[in-house]
Amino acid sequence: MVHKGDSGTVLRSCKLRPRRQSIIYATATPMSQEIEKSTLTGSPQSSSESSAKSKKVMIIGGDGYCGWATALHLSNKGYEVAIVDNLVRRLFDHQLGIDSLTPISSIQNRVRRWKSVTGKSIQLFIGDICDFEFLSEAFKSFEPDSVVHFGEQRSAPYSMIDRSRAVYTQHNNVIGTLNVLFAIKEFSQECHLVKLGTMGEYGTPNIDIEEGYITITHNGRTDTLPYPKQASSFYHLSKAWGLGIRATDLNQGVVYGVRTDETDMHEELCNRFDYDGVFGTALNRFCVQAAVGHPLTVYGKGGQEQHSRTP
Ligand SMILES: NC(=O)c1ccc[n+]([C@@H]2O[C@H](COP(=O)([O-])OP(=O)(O)OC[C@H]3O[C@@H](n4cnc5c(N)ncnc54)[C@H](O)[C@@H]3O)[C@@H](O)[C@H]2O)c1
């Protein structure tokens, strides 16, 4: 389904996105239903949750798989949440002829439904974080205390399809993150950044993966060095770099599952489930194959292993 003609479209669609006009403030107009407060989890709020009430968290990539579940979870906990997303993930689906197995609503409907079910508002900023002007406006308007940055092209296979996708992935992930760093520096210096990395940055070495540093003895001398990253795709390469501000770099392993307490509250809050060869993770594909009685297909050469960090 993937053909070369697709490739330029990704880049063009980002470049042509109109500046300034791209910010949309979701009105989150309540829908006709009564607010179903009884379905809220964790209610009444604990003291730690209510103390979080005034905290503002910006979720970049909040329309995506990890971001949507995180946005709802934090909103439900009493945080003030804003989603920043350019919806490019939905565009990839259209371009590659793939789709989430679970039907997902538009981000506007998702946010409206969340408001109608819980009474809680989530602000929406639709735009590209590679556009610094757009990101600046979002920062100035929302004034986040924390930013969780999920907003990247997150598929290694996608980054390896062709030159155009490799360049797009590098540009999107590196420039986007640079813009986030500079926006924090310029508009919100106290803001804490949680940046999603991935276990894949470490490759598949034949030793345990240490978080941070490893002590190495070589030719009779010993030193403690950063654990080496061995990125093996343009996607993984786009992540293997350092940060110099108040930040948590989370080198996350594969996330699985589609339901959370919050997404279960209404079918329109449903999260995505990718099972295709580009965005579907191996576990998701195994589950679908098992469910339809298809023999499990190996991933790559079938010999891949990943060693977790020692305790
Ligand atoms: N899903 C996993 O199992 C997993 C595992 C390890 C790490 N991670 C990391 O977590 C992050 C999120 O992963 P995911 O699975 O939720 O991905 P996803 O593709 O479902 O979501 C990413 C979201 O970011 C948005 N986005 C991308 N580029 C953007 C840009 N320039 N401006 C604004 N929005 C942009 C997309 O439209 C999408 O909604 C990624 O950085 C990924 O590497 C995910």
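These notes cover the structure that comes with them. (Residues numbered from 1 in each chain as written. Predicted model: local features only at pLDDT ≥ 70, side-chain atom pairs only at ≥ 80, totals over all residues.)

### Some remarks on the overall build of the chain
Okay, step 1: Across its full length, the chain holds 10 helices and eight strands.
Okay, step 2: For the chain, buried positions account for 34% of its 311 residues. (Helix = DSSP H or I, 4+ residues; strand = E, 2+ residues; numbered from the N terminus. Buried ≥ 20, exposed ≤ 12 C-beta atoms within 10 Å, placed from the backbone.)

### Let's talk about the sheet that holds strand E1 (residues 56-60)
Sheet strands pair by backbone hydrogen bonding; their relative direction is either parallel or antiparallel.
Okay, step 1: The six strands lie next to each other as E3-E2-E1-E4-E5-E8, forming an open sheet whose pairing is parallel. Of all the strands in the sheet, just strand E3 (122-126) and strand E8 (247-252) have a single pairing partner and so form its edges. When strand polarity is set aside, the average angle formed by the axes of neighbouring strands in this sheet is 20°.
Okay, step 2: Across four bridges, the pairing between strand E4 (residues 146-149) and strand E5 (residues 192-198) is parallel. Across the sheet, residue Val148 finds its bridge partner in E5, namely Val194.
Okay, step 3: Most of the contacts of helix H8 (residues 163-187) go to E4, to which it runs at about 180°, and overall it touches E1, E4 and E5. (Pairing = 2+ DSSP bridges. Axes fitted to C-alpha atoms, helices over the stretch in contact; angles between N-to-C directions. Contact = placed C-beta atoms within 7 Å.)

### Looking at the pairing of E1
Along a regular strand, successive side chains alternate from one face of the sheet to the other.
Okay, step 1: Among the five residues in E1, four count as buried, and that is most of the element.
Okay, step 2: Traced from E1 through helix H3 (residues 65-76) to strand E2 (residues 80-85), the parallel crossover comes out right-handed.
Okay, step 3: Strand direction decides the pairing type here: E1 and E4, joined by four bridges, are parallel. From the neighbouring strand, Val57 faces E4, where its bridge partner is Ser146. (Right-handed = clockwise from strand over helix to strand, strands pointing away.)

### A word on the site of the ligand
Okay, step 1: Around the ligand sit 27 residues in total, of which Gly61, Gly64, Cys66, Arg89 and Gly151 are the nearest.
Okay, step 2: Counting only elements with at least two residues in the shell around the ligand, the list comes to H3, helix H4 (88-96), H8 and E5.
Okay, step 3: Take the shell around the ligand: its biggest share by element is three residues, from H3.
Okay, step 4: Looking at the shell around the ligand residue by residue, the class counts come to 10 nonpolar, 11 polar and six charged. (Near = placed C-beta within 6 Å. Nonpolar A, V, L, I, M, F, W, Y, C, P; charged D, E, K, R; others polar.)

### A few points about the nonpolar core
Okay, step 1: Membership of the largest hydrophobic core comes to 40 residues, with the highest contact counts inside it found for Ile59, Ile60 and Val81.
Okay, step 2: Here this core gets six residues from one element, more than from any other, and that element is H3.
Okay, step 3: Not counting residues up to four positions away in its chain, the partners in contact with Val81 are Val57, Ile59, Ala71, Leu74, Ser75 and Ile122. (Core = buried A, V, L, I, M, F, W, Y, C linked by C-beta atoms within 7 Å.)

### What to know about the pairing of E5
Okay, step 1: Looking at chain direction, E5 and E8 are connected through six bridges and run parallel. Paired with Lys195 across the two strands is Asp249, which belongs to E8.

### A closer look at the packing of helix H6 (residues 132-142) against H8
Okay, step 1: Packing of H6 against H8 brings their axes to within 10 Å, and their N-to-C directions diverge by 45°. Classified by the angle between their axes, H6 and H8 sit oblique to one another. Seen from above, H6 lies across H8 with right-handed handedness. On the side of H6, the interface is formed by Phe132, Leu135, Ser136, Phe139 and Lys140, while H8 contributes Asn179, Ala183 and Phe187.
Okay, step 2: Taken together, the residues of the contact of H6 with H8 sort by class into five nonpolar, two polar and one charged. (Parallel < 35°, antiparallel > 145°, perpendicular 65-115°, else oblique. Left-handed = near helix turned anticlockwise from the far one by under 90°.)

### Let's talk about unusual backbone geometry
Okay, step 1: Residue Leu87 is not a glycine yet carries a positive backbone phi of 60°.
Okay, step 2: By the C-beta count within 10 Å, which is 14 here, Leu87 ends up partly exposed.

### Quick notes on helix H5 (residues 107-118)
For an α-helix, 3.6 residues make a turn, and residues three or four places apart therefore share a direction.
Okay, step 1: Along its 12 residues, H5 runs 16 Å from first to last C-alpha, staying within 8% of the 16 Å computed at 1.5 Å per residue.
Okay, step 2: Buried residues dominate H5, accounting for nine of its 12 residues.
Okay, step 3: Here H5 has its buried residues at Ile107, Arg110, Val111, Arg112, Arg113, Trp114, Lys115, Val117 and Thr118.
Okay, step 4: Turning to H5, the residues buried within the fold contact H3, E2 and E3.
Okay, step 5: Where H5 ends, the next residue or the one after it, Gly119, has phi of about 80°, a positive value. (Expected span 1.5 Å × (residues − 1).)

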